[in-house]
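Chains, contacts and geometry: an overview
Chain by chain, the residues:
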Amino acid sequence: MSRPFARALTASLSVLTAAAVLPVSSAAPAAADGGIIGGRQVQVSDSPWTVAVSSRDRFGGTRAGQFCGGVVVARTMVLTAAHCMSRSVLGVARGEVRDLKVIAGRSDLRADEGAEIPVREAWVNPDYDGSTNSGDVAVLTLATPLPEGYVLPMADEGDPAYEPGTRAEVYGWGDTTGAGDYAHTLRAAQVHVLPDSVCQEAYPGNSDGTYLPASMLCAGEARGGKDACQGDSGGPLVARGELIGLVSWGSGCGRAGSPGVYTRVSEVLRVLRKHS
Ligand code: ARG
């Protein structure tokens with residue numbers, strides 16, 4: 001592990017402590033007008049930790065090369081999903097993508113507000129398992145730091161934000177219908193943390209997937225209708241002003257009985273501590 005990575009981790013861990021004193025507000029307006037799935041348009045200035053992960057070389061320029069979401073957890077450290085860095089998503093090996101960037105401070109991918117910051121290093125969790133999607137996290141180290149105000153604290157194990165029933169918001173520029181309608185502007189949907197048993201029943205290890213509660217987090221709505229979808233992967237699930245999940249997988253999008261599955265951030269912290 002590189003020194004800058006360890007420094008960024010130390011910074012992010014001190015942010016954790018700071019979070020106890022200075023909670024970030026996650027108050028959100030209630031108007032609903034369409035997806036992430038069942039979401040609404042939001043301004044990135046209200047959730048500056050939400051970033052787009054981009055490569056125009058691989059994904060073209062119409063949506064600024066956006067192909068996954070990410071979240072700022074230290075000034076030079078962005079978390080995304082490990083599967084976003086896989087050959088099956090990128091089409092080539094990660095090392096061959098020369099223009100991997102993080103776009104911060106830009107709500108509309110067609111605008112040129114905010115900043116495009118080159119990724120200096122991409123670290124993929126060596127314990128990521130592509131067959132179950134467990135350990136679905138990668139760390140992008142930025143070439144230049146973002147403002148401190150962009151940083152979202154991560155919720156550690158035992159934090160009340162993980163309790164079933166907690167309201168949470170998921171953010172992204174992904175598919176708004178499940179039919180390949182990718183958003184140009186940032187969207188958010190309100191979901192709830194669900195008991196592990198709901199995802200264990202939905203994903204018992206059948207063709208829809210295997211829910212592993214130690215490393216995954218279950219969130220959605222019992223009736224469906226609100227969810228993340230393709231293109232939202234790696235983006236944040238936020239509860240009580242803290243990061244609790246990264247968009248990882250699900251069966252379809254927004255279907256009743258098929259909740260969203262997220263990388264559990266308390267497990268991410270364990271992985272980061274182990275490797276720093
Ligand atoms: N794997 C998808 C991606 O790469 C995210 C899917 C999330 N699906 C869901 N129903 N919550 O963008």
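Residues numbered from 1 in each chain as written. Predicted model: local features only at pLDDT ≥ 70, side-chain atom pairs only at ≥ 80, totals over all residues. Heavy atoms only, no water.

**Remarks on the overall build of the protein chain**
Put simply, the test is: Per the convention used, a helix needs a DSSP run of H or I reaching at least four residues, while a strand needs a run of E reaching at least two, with both numbered from the N terminus. Burial classes follow relative accessibility: with a 1.4 Å probe on protein chains only, a residue under 20% of its type's maximum area counts as buried, one over 50% as exposed, and anything between as partly exposed. The contact criterion used throughout is that any non-hydrogen atoms of two residues lie within 4.5 Å. All accessible areas in this document rest on Shrake-Rupley with a 1.4 Å probe, and a residue is counted as covered only by the protein chains that are shown.
Helix and strand counts for the protein chain stand at five helices and 15 strands. Per-residue burial for the protein chain yields a buried fraction of 54% across its 276 residues. Across the protein chain, every contact between residues at least 6 apart in sequence was considered, and the portion connecting residues at least 24 apart equals 71%. With the model as given, the accessible surface of the protein chain reaches about 11,300 Å², and the carbon-plus-sulfur share is 49%.

**Thoughts on the pattern of salt bridges**
What counts here: One speaks of a salt bridge when a side-chain nitrogen belonging to Lys or Arg is within 4 Å of a carboxyl oxygen belonging to Asp or Glu.
According to the stated counting rule, one finds nine salt bridges in the structure shown. R40 is the salt-bridge partner of E169, the closest N and O atoms lying 3.3 Å from each other. Remark: R40 occurs in strand 1 (residues 40-41) and E169 occurs in strand 8 (residues 167-172); sequence separation between them is 129 residues. The residue R270 makes a salt bridge to E267 at a minimum N-O spacing of 2.7 Å. Note that R270 and E267 are positioned in helix 5 (residues 265-275) at a spacing of three residues, about one turn of the helix. On the basis of relative accessible area, E267 is assigned to the buried category, the value being 18%.

**Notes on the site of the ligand**
The test is simple: Throughout this document, a residue counts as near a molecule or strand when at least one of its heavy atoms sits within 4 Å of that molecule or strand. Polar contacts, as used here, are pairs of N or O atoms within 3.5 Å; protein pairs need one atom able to donate a hydrogen and one able to accept it. Residues neighboring in sequence count only if both atoms are side-chain atoms. Polarity classes work like this: nonpolar for Ala, Val, Leu, Ile, Met, Phe, Trp, Tyr, Cys and Pro, charged for Asp, Glu, Lys and Arg, and polar for all others, with Gly in that last group.
Neighbouring residues of the ligand: 15 residues in total, closest H83, D227, G231, S233 and G252. Note that an oxygen atom of the ligand is positioned 2.8 Å from one of the side-chain N or O atoms of H83. At 2.4 Å from an oxygen atom of the ligand is found a side-chain nitrogen or oxygen belonging to S233. Against a free-state accessible area of 360 Å², the protein chains account for coverage of 90% of the ligand. With three residues, strand 14 (residues 242-249) is the largest single contributor of residues to the shell around the ligand. Broken down by class, the residue content of the shell around the ligand amounts to five nonpolar, eight polar and two charged.

**Details of the packing of aromatic side chains**
The cut-off we apply is this: Pairing of aromatic rings covers Phe, Tyr and the six-membered ring of Trp, with a centre-to-centre limit of 6.5 Å; geometry is then stacked below 30 degrees between planes, edge-to-face above 60, and tilted otherwise.
Tallied over the full model, the rule gives three aromatic pairs. With a centroid separation of 5.1 Å and 85 degrees between ring planes, the pair formed by W49 and Y171 is classed as edge-to-face. Here Y171 lies in strand 8 and W49 lies in the loop between strand 1 and strand 2 (50-54), a separation of 122 residues in the sequence. With relative accessibility at 3%, the residue W49 sits in the buried group.

**A short note on the environment of Q230**
As for its placement among the helices and strands, Q230 is situated in the loop between strand 12 (216-220) and strand 13 (236-239). Separated by 53 residues in sequence, Q230 and T177 have C-alpha atoms that sit 9.7 Å apart. Excluding anything up to four places from it in sequence, Q230 contacts G174, D175, Y182 and C253.

**So, unusual backbone geometry**
One non-glycine residue, A64, lies in the positive phi region at around 60 degrees. The residue A64 is located in the loop between helix 2 (56-59) and strand 3 (66-74) in this model. A positive phi angle, close to 50 degrees, is found at R240, a residue other than glycine. By secondary structure assignment, the location of R240 is in the loop between strand 13 and strand 14.

**Topic: the side chain of S86**
Topologically, S86 is positioned in the loop between strand 4 (77-80) and helix 3 (87-90). Polar side-chain contacts of S86 include one of 2.7 Å to the backbone oxygen of H83. A distance of 3.2 Å separates a polar atom in the side chain of S86 from a polar atom in the side chain of S88.

**As for the state of the cysteines**
Cut-off, in case you're wondering: Cysteine sulfur pairs qualify as disulfides if the two atoms are within 2.5 Å.
Tallied over the full model, the rule gives three disulfides. Linked covalently through their sulfurs, C68 and C84 form a disulfide whose S-S length is 2.0 Å. Of note, the bridge from C68 to C84 carries an S-S torsion of about -85 degrees and is left-handed in sense. Note that C68 is positioned in strand 3 and C84 in the loop between strand 4 and helix 3, a separation of 16 residues in sequence. Note on C84: relative accessible area 0%, which makes it buried. Between the sulfur atoms of C229 and its disulfide partner C253 the distance amounts to 2.0 Å. Here C229 and C253 share a disulfide; its torsion about the S-S bond, 80 degrees, makes the bridge right-handed. In this pair, C229 is assigned in the loop between strand 12 and strand 13 and C253 in the loop between strand 14 and strand 15 (260-264), connecting sequence segments 24 residues apart. Owing to a relative accessible area of 18%, C253 belongs among the buried residues under this scheme. With its bonded cysteines labelled in order along the sequence, the protein chain shows the pairing 1-2, 3-4, 5-6.

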